[in-house]
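Chain by chain, the residues run as shown.
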Amino acid sequence: MQISTTRTNCKRFTRNFWFHYKSFSAAANAPTEENLVWVGTSATAKVSYLHALLQFCARERLPMEGKACHAQILHIGLQNNALTSNILTNLYSKCSLIEWARTVFDKMPERTLVSWNTMIGSYAQNGQEEEALGLFVEMQRVGDGLSEFTLSSVLCACAAKCDVLECKQLHCFSIKAAMDSDIFVGTALLDLYAKCGLVNCATQIFDCMPERNAVTWSSMVAGYVQNELYEEALLLFHKGQMIGLEYSQFTISSVISACAGLAAMIQGTQVHGVVCKTGFGSNNFVASSLIEMYARCGCVRDSYVCFSCVEGKNIVLWNSIISGFAKHACSIEAMVLFEKMQQTGMRPDEVTYLSVLTACSHMGLVEKGWRYFDLMIREHHLPPNVLHYSCMVDILGRAGLIREAYELIEKMPFDATTSTWGSLLASSRNYGNVEFAEIAAKHLFEMEPNNAGNHVLLSNTYAANKKWDEVVRARKLLKESEAMKDKGMSWIEIKDNVHTFIVGGRNHPRIADIYLELDRLLDDMKKLGHQTEIAYDLHHVEDTRKQELLRHHSEKLALTFGLMCLPPGVPIRIMKNLRICGDCHTFMKLASKITGREIIVRDVNRFHHFKSGCCSCREFW
């Protein structure tokens, strides 16, 4: 009832303000309909009532009503009151009217610590980090002191900038001011260090804090996830569970992201159970994390189930599910969802178009790709960025239009990225186009000299055209460049345990059985005419050694172990840190045919769904 009355009185002030909106002085001379509010009230009651109205406007984000109240404050001469000015500053900050807030702040005849804190916090919360830091420095020069709130607000501003030097300076300042043990300052410090990539410093602060709350734990878990330390994030979460830590939607969202990063489906499913118990499933951030987690674990159907269960879907959710389908080469589903999203009145953004263009690239849909590209510009007035152009290069290249893809790169209003040139090189390798493979490789050698994969692609392009002298030259160039090829690593989750394999690895406790089973599988493949493709191994060793290395690639070991441990008919999901090689790709297709299993491999580029001897990538990855 009180809120309803307050809202009604705000409307009275607003009607009065609308007729005299040009200046506050005009509003002060307006007809006195608001006098209905003031009848029989003392001066103190009037002030308290105005303060209550202003605080209500701040909570409800009502800028026009707040301005109307401001007009009344000017009318009764209350603008020099420090408390009133602080409330006004807070109102304009909550309504994102920072210039108005600063005007009130600058006109204050006397500022209190609350005044400084409110204005610094306003800048920090509205993304104006430089202004927040500048005001903090000014505050120190004036000598008005500071509080834990001041310092935590400035630390939050530094976190947005990810400035390491300022981070360490403020850490020293907090120690000198004896505020480093404060829970809010400590939480802001560890969050700042984590965002600056100094995770060890963040961990040290977390371990030394005398008191931690749910926000502190959430910040530390999120810090690990931001720095791709997913195992550490999960371990910390489990530690929090043991001490009865209260869950928050931000903690849960970060933990789900950690499961997605590790492709740990079993643990992700367990966290999903926690989500169902806590009721966070309706939260868009949590739901988006669940959609991404299932998609990255190779379960795009489960992603869609999570998406369908959420009411009031926002653009982030739509983008997550469309992106999930696109990564799994479910292009038709992605495009259908794109249309459904618009039917619900949701306007696509840059991320949405990036996902549908990716979906087009996986099927080589040139006409549809150009249609979406034009639609983005003409209908939704979204200027394409370099990622959208890279997708179009990929679409053209996948369709074999290599020259058109190169001409688009030349016409781009941006400098081509490694992803753009890499797409052109991959397309040239796929279609055996030596001319453009050399052009793309030349740029890539300059932009990322330590990436051996580019040398491999160029060498394979020469080999496909039987240019053996050029193959030798490419391999020599790789050796001279000292570019190191990352060691291939694959992992598979069996009964809540992650088993990791490397090429030729011997550390797994069942490795002897794995090699025996792999030999049996390869013998069955030989009967179907399969031969190891040694061209995909660029080690400077004998051909027999190359065959052995390719024979024991990490994904083959992971698949064999999955066949040994998982029940018949269960899909086998393998994750890999590098791009799957051509020999292993052929191996997986034959394995899916021989064993009757669906094999899902997530490499560094995309998902491959192998089934009945075919792959969803259609021989392009």
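This is a predicted model, so every value here is computed, not measured.

**Student:** So what's going on with the overall build of the chain? Which residues, and what values?
**Tutor:** When helices and strands are tallied, the chain shows 33 helices and 6 strands. Classification of the 621 residues of the chain by burial places 49% in the buried group. Across the chain, contacts joining residues at least 24 apart in sequence account for 63% of those joining residues at least 6 apart. Put simply, the chain shows about 30000 Å² of open surface, and 53% of that area lies on carbon and sulfur atoms.

**Student:** Give me the packing of helix α24 (residues 386-398) against helix α25 (residues 402-411): which residues, what numbers.
**Tutor:** Any two packed helices are characterised by the angle at which their axes cross and by the distance between the axes. At a minimum axis distance of 7 Å, the contact between α24 and α25 shows a crossing angle of 165 degrees. Comparing the axis directions of α24 and α25 gives the class roughly antiparallel. Note on packing geometry: the crossing formed by α24 with α25 is left-handed. Taking contact as the criterion, the partners of Y389, M392, V393, L396 and G397 in α24 are, on α25, I402, E404, A405, L408 and I409.

**Student:** An account of helix α29 (residues 468-481) is requested, with residue identities and associated values reported.
**Tutor:** Residue pairs spaced three or four apart in an α-helix point in one direction, given the helix's 3.6 residues per turn. With 14 residues, α29 extends 20 Å from end C-alpha to end C-alpha; this agrees with the ideal 20 Å at 1.5 Å per step. Residues of α29 that are buried: V471, A474 and L478. Angularly, the buried residues of α29 cover 65 degrees about the axis, an arc narrow enough to put them on a single face. In α29, the exposed positions that point more than 90 degrees away from the buried face belong to D469, V472, K476, K479 and E480. In the core, the buried residues of α29 are packed alongside α28 (452-464).

**Student:** How would you summarise the environment of Y515 if you had to cite specific residues and measurements?
**Tutor:** Relative to the elements of secondary structure, Y515 occurs in helix α30 (residues 511-526). Discounting residues that sit within four places of it in the chain, Y515 has contacts with G504, G505, R506, H552 and L557. For Y515, the side chain forms a polar contact with the main-chain oxygen of G505, separated by 2.8 Å.

**Student:** Give me the pairing of strand β5 (residues 607-611): which residues, what numbers.
**Tutor:** Within β5, 4 of the 5 residues are buried, which leaves the element mostly enclosed by the surrounding structure. Pairing analysis gives 4 bridges linking strand β4 (residues 599-602) to β5, with the strands arranged antiparallel. Among the inter-strand pairings, R602 is bridged to a residue of β5, identified as F607. Hairpin connection, β4 to β5: the antiparallel pair is bridged by 4 residues. Relative to strand β6 (residues 614-615), β5 runs antiparallel, the two being bridged by 2 bridges. Across the sheet, F610 pairs through a bridge with C615, a residue of β6. Counted along the chain from β5 to the antiparallel partner β6, the turn is 2 residues long, and its residue S612 has a positive phi close to 55 degrees.

**Student:** With reference to specific residues and values, describe the confidence of the model for the chain.
**Tutor:** Overall, the prediction assigns the chain a mean pLDDT of 82, with 87% of residues at 70 or greater. Taking the mean pLDDT of every element in the chain, the minimum, 37, falls on helix α2 (residues 24-28) and the maximum, 94, on α25. Predicted confidence for residues 13-40 stays below pLDDT 50, and this span has 42 contacts to residues more than four positions away or in other chains.

**Student:** Just give me the short version of the state of the cysteines, but keep the residues and values in it.
**Tutor:** Per the stated rule, a full pass over the model turns up 0 disulfides. No disulfide involves C259; its sulfur sits 7.6 Å from that of C297, the nearest cysteine.

**Student:** Quick rundown of the sheet that holds β4? Include the residues and the values.
**Tutor:** What the 6 strands build is an open sheet, ordered β2-β1-β3-β4-β5-β6; its pairing is mixed. The sheet is open, and its two borders are formed by β2 (497-502) and β6, each paired with just one other strand. Strand direction decides the pairing type here: strand β3 (residues 572-576) and β4, joined by 4 bridges, are parallel. Within β4, the position partnered with I574 by the bridge is V601. Packing of helix α32 (residues 554-565) onto the sheet brings it into contact with β1 (489-494), β2, β3 and β4, and relative to β1 it is tilted by some 15 degrees.

**Student:** Kindly report on the packing of aromatic side chains, identifying the contributing residues and their values.
**Tutor:** Enumeration over the complete set of coordinates arrives at 15 aromatic pairs. Ring centres of W370 and F373 lie 5.7 Å apart, and the angle between their planes is 90 degrees; on these two criteria the pair is classed as edge-to-face. Residue W370 and its partner F373 are located together in helix α23 (residues 366-378), separated by 3 residues, close to a single helical turn. The rings of Y304, F307, W318 and F325 are connected pair by pair, giving a single aromatic cluster. Between the NZ or CZ atom of K67 and the centre of the ring of W100, over which it lies, the distance is 4.1 Å. Sitting over the ring of F587, K556 keeps its end group 5.2 Å from the ring centre.

**Student:** Describe the pattern of salt bridges, with residues and values.
**Tutor:** As enumerated under the stated definition, the model contains 9 salt bridges in all. We note a salt bridge from R403 to E435, for which the minimum N-O separation is 3.7 Å. Pair noted here: R403 is in helix α25 and E435 is in helix α27 (residues 434-447), with a separation of 32 residues, a long-range link. Looking at R403, the relative accessible area reads 45%, which means it is partly exposed. Under the relative-accessibility criterion, E435 is labelled partly exposed at 43%.

**Student:** Kindly report on helix α6 (residues 82-94), identifying the contributing residues and their values.
**Tutor:** Helix length check: α6 (13 residues) gives 18 Å between terminal C-alpha atoms against 18 Å at 1.5 Å per residue, within 8%. Regarding α6, the residues found buried are T84, S85, N86, I87, L88, T89, L91, Y92 and S93. Just past α6, the residue S96 takes up positive phi, approximately 60 degrees.

**Student:** I'd like a description of the side chain of E555, backed by residues and values.
**Tutor:** Of note, E555 is situated in helix α32. In this structure E555 comes out as buried when scored by relative accessible area, which is 0%. A distance of 3.3 Å separates a polar atom in the side chain of E555 from a polar atom in the side chain of S554. Polar side-chain contacts of E555 include one of 3.0 Å to the side chain of K576. E555 has contacts with S490, I574, K576, I580, C581, C584 and M588, leaving out every residue within four places of it along the chain.

**Student:** I'd like a description of the packing of helix α18 (residues 284-296) against helix α19 (residues 300-308), backed by residues and values.
**Tutor:** Contact pair α18 / α19: the axes reach a minimum separation of 7 Å and the direction vectors enclose 170 degrees. Between α18 and α19, the crossing angle belongs to the class labelled roughly antiparallel. Crossing handedness for the pair α18 and α19: right-handed. Between α18, through L290, I291, Y294 and A295, and α19, the contact on the second element is made entirely by V300, D302, S303, C306 and F307. Class assignment of the residues belonging to the contact of α18 with α19 gives a composition of 7 nonpolar, 1 polar and 1 charged.

Reading the values: the criteria
- Residues numbered from 1 in each chain as written.
- Predicted model: local features only at pLDDT ≥ 70, side-chain atom pairs only at ≥ 80, totals over all residues.
- Heavy atoms only, no water.
- Helix = DSSP H or I, 4+ residues; strand = E, 2+ residues; numbered from the N terminus.
- Buried < 20%, exposed > 50% of the residue type's maximum accessible area, 1.4 Å probe, protein only.
- Contact = heavy atoms within 4.5 Å.
- Areas by Shrake-Rupley, 256 points an atom, 1.4 Å probe, with all protein chains shown as cover.
- Axes fitted to C-alpha atoms, helices over the stretch in contact; angles between N-to-C directions.
- Parallel < 35°, antiparallel > 145°, perpendicular 65-115°, else oblique.
- Left-handed = near helix turned anticlockwise from the far one by under 90°.
- Expected span 1.5 Å × (residues − 1).
- Arc of directions from axis to C-beta.
- Polar contact = N/O pair within 3.5 Å; in protein donor to acceptor, adjacent residues only side chain to side chain.
- Pairing = 2+ DSSP bridges.
- pLDDT = per-residue confidence, 0-100.
- Disulfide = S-S within 2.5 Å.
- Phe/Tyr/Trp six-rings, centres within 6.5 Å; stacked < 30°, edge-to-face > 60°.
- Lys NZ or Arg CZ within 6 Å of the ring centre and 35° of its normal.
- Salt bridge = Lys/Arg side-chain N within 4 Å of Asp/Glu carboxyl O.
- Nonpolar A, V, L, I, M, F, W, Y, C, P; charged D, E, K, R; others polar.

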